[in-house]
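Each chain, letter by letter, is given below.
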Amino acid sequence: MPTLINRLVFISFCILLFAACRSEQEAAALPREVDFNFHIRPILSNHCFTCHGPDESSRQAGLRLDTYEGATALLESGKQAIVPGHWKRSEAIRRIASEEAEVIMPPPDANNPVSERDLALLKKWIRQGAEWKDYWAFLPPDTAVYDPELSIDHFINAQLELQGLEAAPEADKRQLARRLSYLLTGLPPKSDLIEHYVNDDAPDAYEQLVDQLLASPDFGERWARHWMDLVRYAETKGHEFDYPVIGAWRYRDYLIRAFNQDLPYDQLIREHLAGDLLEQQRYDPETGHNESLIGTVFYNMGEGKHSPVDIRKEEADRIDNIIDVTTKTFQGLTLACARCHDHKFDPLPTADYYALYGIFESARFTYYPTNSGLQAQARVDSIETHKQAIRSLIAGAMPAHEGPQVLATSQQFNEPEGPAAGAVRVLADFRKGDHQGWMVRGEAFAAGNALGEPEFDPDTDQLRGFAAAKASSRFGGIGVQGTLRSPTFTIDHDYLTARVAGQNTTVRLIIDNFQLIQAPIHGELTQELNSPDMTTIRMNLSMWRGSKAYLELLNGKMWKNRQRHDHSVEPDAWLEAEYAFLHDSASVQELPKLNALKNTPLRKKDLDQWAKGQTDRETAAALNRELPRANLGPVRGPISGHRDSIRAIRDRLYAFTSFGGVSEGDAVFSPVFIRGNHLQVSEERLPHRYLTAFKELYPNFSEQGSGRLELANAIADPDNPLTARVMVNRLWHHLFGRGLVETVDNFGLQGKIPTHPALLDHLALRFIEEDWSIKAMIREIALSDAFRRSTAPSEMSKKKDPQNLWLQHFPIRRLEAEAIRDGILAVSGRLDTSRFGPSVAVHLTPFMQGRGRPWESGPLDGDGRRSIYQAVRRNFLPPMMLTFDFPVPFSTFGNRNVSNVPAQSLNLMNDPFVQEQAEVWAQQILDREATFEERLDGIYRKAFARPPTEAEIEKARSFFAEQAALYQEVETQERSDSTGLASQEVAPDTEPKDPQLQTWADFCQVIFNIKEFIFLL
């Protein structure tokens, strides 16, 4: 019995000792100072905020744990969730630590228990006083501790020392050259570049290599593609017919130029969000084209449906996508989660969402000529100079009087009579001599109302009179792009009638900013004009009563090259309009004529005003009456000369195509959609503003206009705590494969906390200090010791930091789909480095079927162009690219998936493109006189940036011997099978291939399949 008791005592002692040791180990694993932002807030966010966070609609028991006031408030039970300094008195700790199903939090059915370590952290934090802090990402970096003399490695090495890890040695020079070349340019390094670097013993040899690659035009192509992942770049809108995103490839080229020119990041932001509103527009130094306007194509990159049943919901979804992409891309925030309710985790109320909604709702999609820019503006100015000269010549030939001014007759409407009285709403009556407050975009209508414009006979070029008042694109330039748009109005009548004329032009009613207008539902809302005479058009609007809309006179049409919903302007395009109005009665056909004018004489003062481009109806009528008495003979020659010059300039001004950006509309202030439902809205409409979390920095915007420029300035402001951090984190991610904040698109509470917060803030401040230079930041990172380390982890690193969070070594990285494809083209010798221009059509396989399928398939090798120049059609994405994790472009993808699946190996073995390029490479190898060893050496240097090892040479010899024997056996078998068939014709495509070429092609394809080819080791 004593023996049994002794054993039980011994066992109990061991258990207690084990528990004590475990407690000591857990305590030792806890940080000395528990930080709310980096230790506690993630626990509360992951386990508590769903029911006790910012979203009032889902908050339970009146308890709020995302604020100090809420967490320490007195509950109905008389207790406090958090009692600073006393975890035993804190109700939250009691509930979390409970084992009773009715008491424990989170409840068992949430399947989200708090770990013992997290519970220990909570206790220690409360014991230390439960200090609350604002969320780290919403606090500005501390400039007081910023030291520009500190290097990246100061922060990395300090963390390694803290973790007890020793940094890996520097990588081999060849590895570094290959790493740098792929990460900075997306292409394998050229042989001469490698050999020069390897043999250069200068202390700054590596620095020179970095600078050379940063200066390469390949750099912009690599980094533009990274950006295109963020803005959901695609050249079609997806859905049923995959209609085009107008001018998408021009936006792609804009990005390449921007990154190569090292456009400051704050300028890139402003051009994306408000490029059309910038006081100082930016022009391409080579072409003179307006770059700032092209930036706004960003808005047009979303998906789109034709003829949706509910176009208000279509607009809601479109703006939701813009909000989602904008806030993720530039701020690393998931504001789209606040569409239906306050954000569950971040301090982003629904009101923030709908404040931005109104900003984007106030913009209008606009087609800009592809030649918009300095040259185009100079040509427009030149035309205006010639027109002014013509007016002066005519004025000098016209008889005029010095008599007193005669008061003009009233220009008011006669009211419609009969049942329609009071049921007419005039949108514009251009017969009054102005544009009636309508918005002019482009040059077509920029000359103003046609009133008093000289009209010439098209056959004789003789002056035949002066135009009546109307909106007209003929005098701004036939074939010149542009629009005239009404202010936004609410449809409150059943019909819209307009009096118009035109050639190859369009009148469109844009409801809820919907652009893809066509039958069967919306076809009546767009009408093409091909009538030289004024005609009346009518639209039945009864089913859209209550919707917001604007009427658009479009100098052009929405067809191009057999493609619907692609904008084009024919050389003979022109449009004129007298009026447009809304009404309820179908019997109303037109607006009444304006009252007749008195026969007032043509006064010298009025003639002088007309010569300057300012006139009224009376003066125009007087000009027409006096024209027969004009002495035009002496000025006909000079007038004809000016008109010839105008025609020549207009020919150079002409642009058939355009790109789709945005421009200003009226200020629209959005209500809150109750639970995200656009059919149930709040009475209150929200002012345009930035996030309430930063309301002290950025108060409400102006009530005039969209507020896009103010939004752009708020995001690009150096005082914005998110912008610089988010961007430098993206750059770090693309170089190291993981950001300092791993969730590069989410800096909110559900994102990861930074591994090196002090370094992140240091880089953000340095980024701003260096004038937002992307290249300077990439250069600084690439020159760090951390970037130059080998990929071999130490045994201690494998044990203590298997994820390599502390960067003891450089991470092994798989190349992206584009780099793999471009690398194959580069080593095969097929790569065409031509830059810019229309995208190469996607190569269509037999399996790529469906409505909206392109008319023609592109070449298998994409004309040898880099992947960034291959068309990105949402419904027909290349299979090879998808296999290697190319993102489907529907939202922001700052961090691509990196999978390792059998389909990738199968693709490299069986894809026709890979097989074709292996043969192209093989033929290139055989075309040069060389020994087997020299050929093998060239292959390895191209593919892996290194010579082959002796073992690899021997394996290659064995491979070639086996393949030669195999092909000999196949050839023998084929000859045997063809006995007695010699007289039959052999199809050309059954001709046997050269066994030597096939063997080398097989070997080249083996090279493509080696992991070292698609990984940075």
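Residues numbered from 1 in each chain as written. Predicted model: local features only at pLDDT ≥ 70, side-chain atom pairs only at ≥ 80, totals over all residues. Heavy atoms only, no water.

The next thing to look at is the pattern of salt bridges. Considering all chains together, one arrives at 68 salt bridges under this definition. Among the ionic pairs, Asp-885 bridges to Arg-814, the shortest N-O distance being 3.0 Å. Here Asp-885, found in the loop between α29 (879-883) and α30 (902-910), pairs with Arg-814, found in strand β18 (residues 813-814); they are 71 residues apart in sequence, far enough to count as distant. Here Arg-941 ties to Asp-937 by a salt bridge, and the two come within 2.7 Å at their closest N and O atoms. A residue pair is termed a helical-turn pair when its members lie 3 or 4 positions apart in one helix, as Arg-941 and Asp-937 do in helix α32 (residues 932-944) at 4 residues. Overlapping salt bridges bring together Asp-218, Glu-221, Arg-821, Asp-822, Arg-835 and Arg-866 as one network. (Salt bridge = Lys/Arg side-chain N within 4 Å of Asp/Glu carboxyl O. Helix = DSSP H or I, 4+ residues; strand = E, 2+ residues; numbered from the N terminus.)

Let's shift gears to the UniProt feature "domain: DUF1553" (unreviewed entry) in the protein. When the UniProt feature table is mapped onto this chain numbering, "domain: DUF1553" (unreviewed entry) sits at residues 707-959. Secondary structure content for residues 707-959 is 47% helix and 1% strand, and the end C-alpha separation is 67 Å. (UniProt positions renumbered as here; feature names shortened; annotations may be inferred.)

Next up on the list: the UniProt feature "domain: DUF1549" (unreviewed entry) in the protein. Under the feature "domain: DUF1549" (unreviewed entry), the UniProt entry names residues 152-363. Structurally, residues 152-363 comprises 56% helix and 0% strand, and the distance from its first C-alpha atom to its last is 42 Å.

Relative to the helices and strands, Phe-360 is located in helix α16 (residues 350-361). For Phe-360, a relative accessible area of 6% corresponds to the buried category. Spatially, the C-alpha atom of Phe-360 lies 9.9 Å from that of Phe-669, the residues being 309 residues apart in sequence. Dropping the residues within four chain positions of it, Phe-360 is found in contact with Tyr-299, Ile-319, Ile-322, Ile-323, Thr-326 and Leu-711. (Buried < 20%, exposed > 50% of the residue type's maximum accessible area, 1.4 Å probe, protein only. Contact = heavy atoms within 4.5 Å.)

Taken domain by domain, the protein holds domain 1 (34-133), domain 2 (385-660) and domain 3 (914-1016). Here domain 1 and domain 2 have C-alpha centroids that lie 68 Å from each other. (Domains from an automatic or database assignment.)

What follows deals with helix α34 (residues 995-1009). Each full turn of the α-helix corresponds to 3.6 residues, which orients residues three or four apart in the same direction. Its 15 residues place the ends of α34 21 Å apart at the C-alpha level, agreeing with the 21 Å of an ideal helix rising 1.5 Å per residue. Within α34, 11 of the 15 residues are buried, which leaves it mostly tucked inside the rest of the structure. For α34, every residue scored as buried is listed here: Leu-997, Gln-998, Thr-999, Trp-1000, Ala-1001, Asp-1002, Phe-1003, Cys-1004, Gln-1005, Ile-1007 and Phe-1008. Check the buried side of α34 and you find it contacts α28 (817-828), α30, α31 (912-926), α32, α33 (950-977) and α35 (1011-1014). (Expected span 1.5 Å × (residues − 1).)

At the junction of Met-105 and Pro-106, the peptide bond is cis and its omega measures out at -10° in the coordinates. Within the secondary structure, Pro-106 sits in the loop between α5 (91-97) and α6 (116-127). Here the amide bond leading from Ala-519 into Pro-520 is cis, since omega sits at 10°, within 30 degrees of zero. Mapped onto the elements of the fold, Pro-520 is located in the loop between β9 (495-511) and β10 (526-540). One non-glycine residue, His-239, lies in positive phi territory at about 60°. Of note, His-239 is situated in the loop between α11 (218-230) and α12 (248-260).

Turning our attention to helix α2 (residues 36-47). Among the residues of α2, Phe-36, Asn-37, Ile-40, Arg-41, Ile-43, Leu-44, Ser-45 and His-47 are the ones counted as buried. Between the side-chain oxygen at the start of α2 and the backbone nitrogen of Asn-37 there is a gap of 2.9 Å, and the oxygen is on Asp-35. (Polar contact = N/O pair within 3.5 Å; in protein donor to acceptor, adjacent residues only side chain to side chain.)

What follows is about the environment of Ile-311. One can find Ile-311 in helix α15 (residues 311-331). Relative accessible area serves as the criterion here: at 5%, Ile-311 is assigned to the buried category.

Turning our attention to the packing of aromatic side chains. Counting across every chain of the model gives 47 aromatic pairs. For the ring pair Trp-732 and Phe-736, a centre distance of 4.4 Å and an interplane angle of 15° mean the geometry is stacked. With Trp-732 and Phe-736 both in helix α23 (residues 723-736) and 4 residues apart, this pair spans about one turn of that helix. Classification of Phe-736 as buried rests on a relative accessible area of 3%. One aromatic cluster in this structure is built from Phe-38, Tyr-135, Trp-136, Phe-138, Tyr-690, Phe-694, Tyr-698 and Phe-747. (Phe/Tyr/Trp six-rings, centres within 6.5 Å; stacked < 30°, edge-to-face > 60°.)

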